[in-house]
Every structure is written in structure tokens, then in C-alpha cells.
Amino acid sequence: MTNDKIRTVATPADQNLFLDVPARVYGNDPNWISPLRSDVAKQFAPDNPFFGYGKLQQFIALDSSHPSQAVGRIVAAVNQRLIEREGKTVGLIGFFECVQDCAIAQSLLNAACQWLREQGMTVARGPIDLSTHNNCLFLVDGFDTPPMVMMPYNPPYYPEFLEKEGWQKAKDTYAYDFPLDKPLSDKFKKAYQIACKSGITFRPIRTKGQGFEQDCISLYHLFNRAFANNWSSAPRTEAEFLEEAKSLQTLVDPDVFPIAEDKGEMIGFFMGLPDYNIPLKHVNGKLNWLGILKFLWYRRQIYQGRVIAIASLPEYRRKMVPLALIYLGMQGGIKKGKPYKRAELGWVWEDNFPSRKLIEASGGTIYKTYRIYEKTL
């Protein structure tokens, strides 16, 4: 170790210290939303499918004056699927949290990078929590509002820590703000009409029973085809995808999750979710019986949603399917009885110009910027 205060996570007690770090870091930050503690812990459980194609090492930084408390944490990981896809030995750092102390951050980063070198890695990339399908990115602009559901948040000094240690920007990504008090331009409704005339049918996602599972399997295959070339993205197995989908099943609002089909085959989707970070803010990372009651109570205060993805197979773009899906998703969000006042669209990589052009034509404006960093080892 580069610092005798840094140690690997080896015991259940160490794991608890690891999980305790965010509460120590964020304190009374009004914009922080604690992730569910159980969701973080299961990433390190032996039955996590990740361990079938990857390996990791957890580190914690102990408080020199209170050795029973941790003041920082980091995870170094090797995702073999990502290495095979990119053809280079790139390792990952993630789950980074640290108090505002450059020396502690330096020690954590050095420990993670040294472990990656020992695994034969030549490049480090992050923050990525095992894969980009999990939590990733550092917020670099837009700290004045809380994150929406399944989006990251961090103190402004995290990017500074990495940059001082020689990490450089690999790629930026954006979140777009989209107020729902202004109607879409007529071209979106016309696109929907054109798509319908060409034989495309639309329906909401099914949310119960076998119908939900069938839709999720179709979503998995379509997701892999539509986003096959996403940067730094390694493929998931169908089992991994279905497990995550089932965890979101009761949270889905079918009115903001339209699906496009051609002769019964799914060829596009608009994936929207209510912003469940609003009730999650009140449960402090624990869905015990009290947390569940709080979640159900504050769920009624949701007034915004996040559009996670808009996708269609390339051959259907000329049939106006993406624009039609935006039209249906936004119409579903503003229909009578719906609480949504605004939406967030993202994240969108900075060089994904087709999607950015589409979102900006819809009325979206960039309001948060996130970044992935890299460092040669």
C-alpha cells in the first residue's frame, strides 16, 4: 500500500465501513440522494454475474484519528468483456467516495492503479462501477440540483482530485432539461402519423406477468442491436438484463414507455421512468419497513421523470419511428392526471450528434455535464 491508512476490504466489518463512506462524505448536502445500501452491497456478493467475466478489489481509507471509521473508498475492476470488445487492456475504477482531502484521494487512486497494473492493465478508466450499465460518470457542471433516478452525483472536488493525479478527459456526456409546459412542434405528430401509415404500430410496455417478461426479452435484444457501438459499453447477458428489469417492474409508468412494432416485432422504444429519487431521498438508503412507508408516502410528490433511452433499429429511422416515439412518450407524460412538469433526457455522449440534434429539436437544453476520465498506467 502507498499509505498505511489504505487497506483492502477483507471482512464484513470492512464492508460496512465501505458502505458507510458516502454518508460521511455528503453529510448535509441537500442535493445528495443516498443509493439503497442493499443495491450497492449486492454488487460485491459472490453471486453477482460480474464475477463470471471480471474481478475486482475494494479499498477503504481509514480515519487516522478514528481508525474505526472510513473516510474514503474505491474499487479497481477488470471487466474482461470490455477488454475483448476494445482490444486493449483497460481497467476500471469506480465506487469512488472521499472526504475533501487530496492526500487521501491520491492514496486511494494510487492503490487502485497499482492493483490494475498487477492485473496487466495499461489504461485506467473511470469512474465506472464495474460497467457503464451501472453507476458511472463524474458530474462536472450542474451541481445546483439533485440527480434524477439512476443518475450520479458527486462533490465538485472529485474531478479536481483526478485531474491533479494526471487523469485526463476521455469523453463528456450531457443531461438535457425538457420542460413539459410547451407543446412539441407539429413535425413530431406528423412523424407519428407517417410511421402509422407505413405499418408501424405502437403500444405501451406491458407491466405484469408473462407479458412483462416477454417485452423485457425483446427489449434486451433490441437494446443490444441499437446500442451495440456505445463507447466503453460491454454486453450484458439476458439474465443480467432481466434481473435489473424485474427490479424496476413496479416503478414503470407505461404511459411514458411506448414501444414500436412492425408485424409484431419490437423495433423501437422510448424508455421513461418517474423520478423515484424524490421519495428515495427520504429513506436514507434503507428500504426497511419504515423506509417503505416513507417511499410510498413521498412517491406522491413525484413531479418529473427521466427519459433513459430512445431507440429504434436504423432501418426504421426513415419511417420516423424515433420522432413518433418522442411524440407518444411526451404525450403520455402530459395526459390528464399525470404529475410530470419536466423531464430529463440523458445521458447522451457528446459525440452522439444524431441523438443530440433530435433532443435539441424537441426543445431540450443541456443542464448537466458529466465526464469519464482515463490515465495511462
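Scroll up a little and you will see the structure.
Being a predicted model, the structure only gives us computed values, none of them experimental. (Residues numbered from 1 in each chain as written. Predicted model: local features only at pLDDT ≥ 70, side-chain atom pairs only at ≥ 80, totals over all residues. Heavy atoms only, no water.)

Visitor: Explanation requested: the overall build of the protein in the structure shown.
Guide: Helix and strand content of the protein: twelve helices and 13 strands. What you see for the protein is a C-alpha radius of gyration of 21 Å, in line with the 21 Å of a compact globule of 377 residues. Principal-axis analysis of the C-alpha atoms gives the protein an extent of 70 × 45 × 40 Å. Taken over 377 residues, the protein has a buried fraction of 54%. Partitioning the intrachain contacts of the protein with sequence separation of at least 6 by distance along the chain shows that 76% fall at a separation of at least 24. About 17,600 Å² of surface is accessible on the protein, with carbon and sulfur atoms providing 52% of the total. Placing the 46 positive and 40 negative side-chain charges of the protein at their respective mean positions leaves the two points 6 Å apart. (Helix = DSSP H or I, 4+ residues; strand = E, 2+ residues; numbered from the N terminus. Rg over C-alpha atoms; globule rule 2.2 N^0.38 Å. Buried < 20%, exposed > 50% of the residue type's maximum accessible area, 1.4 Å probe, protein only. Contact = heavy atoms within 4.5 Å. Areas by Shrake-Rupley, 256 points an atom, 1.4 Å probe, with all protein chains shown as cover. Lys, Arg positive; Asp, Glu negative; His and termini not counted. Charge placed at Lys NZ, Arg CZ, Asp CG, Glu CD.)

Visitor: I tried to follow the pattern of salt bridges on my own but got confused; where do I start?
Guide: Between side chains of opposite charge, a pair can form as their charged atoms come close. Across all of its chains, the model carries 23 salt bridges by this definition. In this structure, Asp20 and Arg37 form a salt bridge, with 3.0 Å as the shortest nitrogen-oxygen distance. Remark: Arg37 occurs in helix H2 (residues 37-41) and Asp20 occurs in helix H1 (residues 12-26); sequence separation between them is 17 residues. Residue class for Asp20 comes out partly exposed when judged on its relative accessible area of 35%. With relative accessibility at 25%, the residue Arg37 sits in the partly exposed group. With a closest N to O distance of 3.8 Å, Arg371 and Glu163 form a salt bridge. Note that Arg371 is positioned in strand E13 (residues 365-376) and Glu163 in helix H5 (residues 157-164), a separation of 208 residues in sequence. Here Glu163 falls in the partly exposed class, since its relative accessible area comes to 41%. (Salt bridge = Lys/Arg side-chain N within 4 Å of Asp/Glu carboxyl O.)

Visitor: Would you mind showing me how to read helix H6 (residues 186-197) here?
Guide: Structural remark: α-helix, 3.6 residues per turn; residues separated by three or four positions point the same way. Taking 1.5 Å of rise per residue, twelve residues should cover 16 Å, and H6 covers 17 Å from first to last C-alpha, within 8% of that figure. For H6, the set of buried residues is Phe188, Ala191 and Ala195. End-on view of H6: buried residues confined to an arc of 55°, all on one side of the axis. Seen from the open side of H6, the exposed residues pointing more than 90 degrees away from its buried face are Asp186, Lys190 and Lys197. (Expected span 1.5 Å × (residues − 1). Arc of directions from axis to C-beta.)

Visitor: Sorry, what's going on with the packing of helix H4 (residues 102-118) against H5 here?
Guide: When two helices pack together, their arrangement is given by the angle between their axes and by how far apart the axes lie. Close contact between H4 and H5 brings their axes to 10 Å; oriented N to C, the two are set at 60°. The angle between H4 and H5 falls in the class oblique. The handedness of the crossing between H4 and H5 comes out as right-handed. Where H4 abuts H5, its residues Cys102, Ala105 and Leu109 lie against Phe161, Leu162 and Lys164. Its residues placed into classes, the contact of H4 with H5 shows five nonpolar, no polar and one charged. (Axes fitted to C-alpha atoms, helices over the stretch in contact; angles between N-to-C directions. Parallel < 35°, antiparallel > 145°, perpendicular 65-115°, else oblique. Left-handed = near helix turned anticlockwise from the far one by under 90°. Nonpolar A, V, L, I, M, F, W, Y, C, P; charged D, E, K, R; others polar.)

Visitor: Sorry if this is basic, but what is going on with the side chain of Thr369 here?
Guide: Note that Thr369 resides in strand E13. Among all residues touching Thr369, those that are not within four sequence positions of it are Phe138, Leu139, Val140, Asp141, Asp172, Thr173 and Tyr174.

Visitor: Sorry if this is basic, but what is going on with the nonpolar core here?
Guide: Note on soluble globular proteins: their nonpolar side chains tend to be buried together. Phe96 and Leu108 are the most contacted members of the largest nonpolar core, which has 66 residues in total. Among the elements that make up this core, the one with the highest residue count is H4 (nine residues). When residues no more than four places from it in sequence are discounted, the contact partners of Phe96 are Arg73, Ile74, Ala105, Leu108, Leu109, Phe138, Tyr158 and Phe161. Ranked by size, the runner-up nonpolar core spans 57 residues in total, among them Phe188, Leu248, Ile302 and Ile359. (Core = buried A, V, L, I, M, F, W, Y, C linked by side-chain atoms within 4.5 Å.)

Visitor: Explanation requested: a nonpolar patch on the surface in the structure shown.
Guide: On the surface, a nonpolar cluster with roughly 260 Å² of combined accessible area is contributed by Leu287, Ile292 and Leu296. Within the secondary structure, Leu296 is located in helix H10 (residues 289-298). Judged by relative accessible area, Leu296 falls into the partly exposed class, the value being 47%. (Patch = residues over 30% accessible without salt bridge, like charges linked within 9 Å, V, L, I, M, F, W, Y side chains within 5 Å.)

Visitor: How do you make sense of the packing of aromatic side chains when you look at a structure like this?
Guide: The relative placement of two aromatic rings is captured by the distance of their centres and the angle of their planes. Tallying each qualifying case throughout the model produces 21 aromatic pairs. Taking 6.5 Å as the distance between ring centres and 25° as the angle between the ring planes, the aromatic pair formed by Tyr158 and Phe161 counts as stacked. With Tyr158 and Phe161 both in helix H5 and three residues apart, this pair spans about one turn of that helix. For Tyr158, a relative accessible area of 1% corresponds to the buried category. Exposure remark for Phe161: the relative accessible area of 5% places this residue in the buried category. Members of the aromatic cluster, each reached through a chain of ring pairs, are Phe96, Phe138, Tyr157, Tyr158 and Phe161. If you follow Arg236 out to its NZ or CZ, it ends over the ring of Phe223, 5.5 Å from the centre. (Phe/Tyr/Trp six-rings, centres within 6.5 Å; stacked < 30°, edge-to-face > 60°. Lys NZ or Arg CZ within 6 Å of the ring centre and 35° of its normal.)

Visitor: What is the right way to read the pairing of strand E11 (residues 304-312) from this model?
Guide: Two faces, one strand: in a regular strand the side chains alternate between the faces of the sheet. Burial of E11 is extensive: seven of the nine residues sit out of reach of the surface. Inspection of the sheet shows strand E10 (residues 265-274) paired to E11 by seven bridges, in the antiparallel sense. Following the sheet pairing, Phe270 is matched in E11 by Ile310. As paired elements, E11 and strand E12 (residues 342-349) share four bridges and run parallel to each other. Paired with Val307 across the strands is Leu345, a residue of E12. (Pairing = 2+ DSSP bridges.)

Visitor: Please explain the packing of H6 against helix H11 (residues 321-334) as it appears in this structure.
Guide: In contact at an axis separation of 8 Å, H6 and H11 are set at 115° when each is read in the N-to-C sense. Once H6 is placed against H11, the crossing between them reads as left-handed. Only Leu323, Ala324, Ile326, Tyr327 and Leu328 of H11 make contact with H6, whose side of the interface consists of Lys187, Phe188, Lys189, Ala191, Tyr192 and Ala195. Tallied by class, residues from the contact of H6 with H11 come to nine nonpolar, no polar and two charged.

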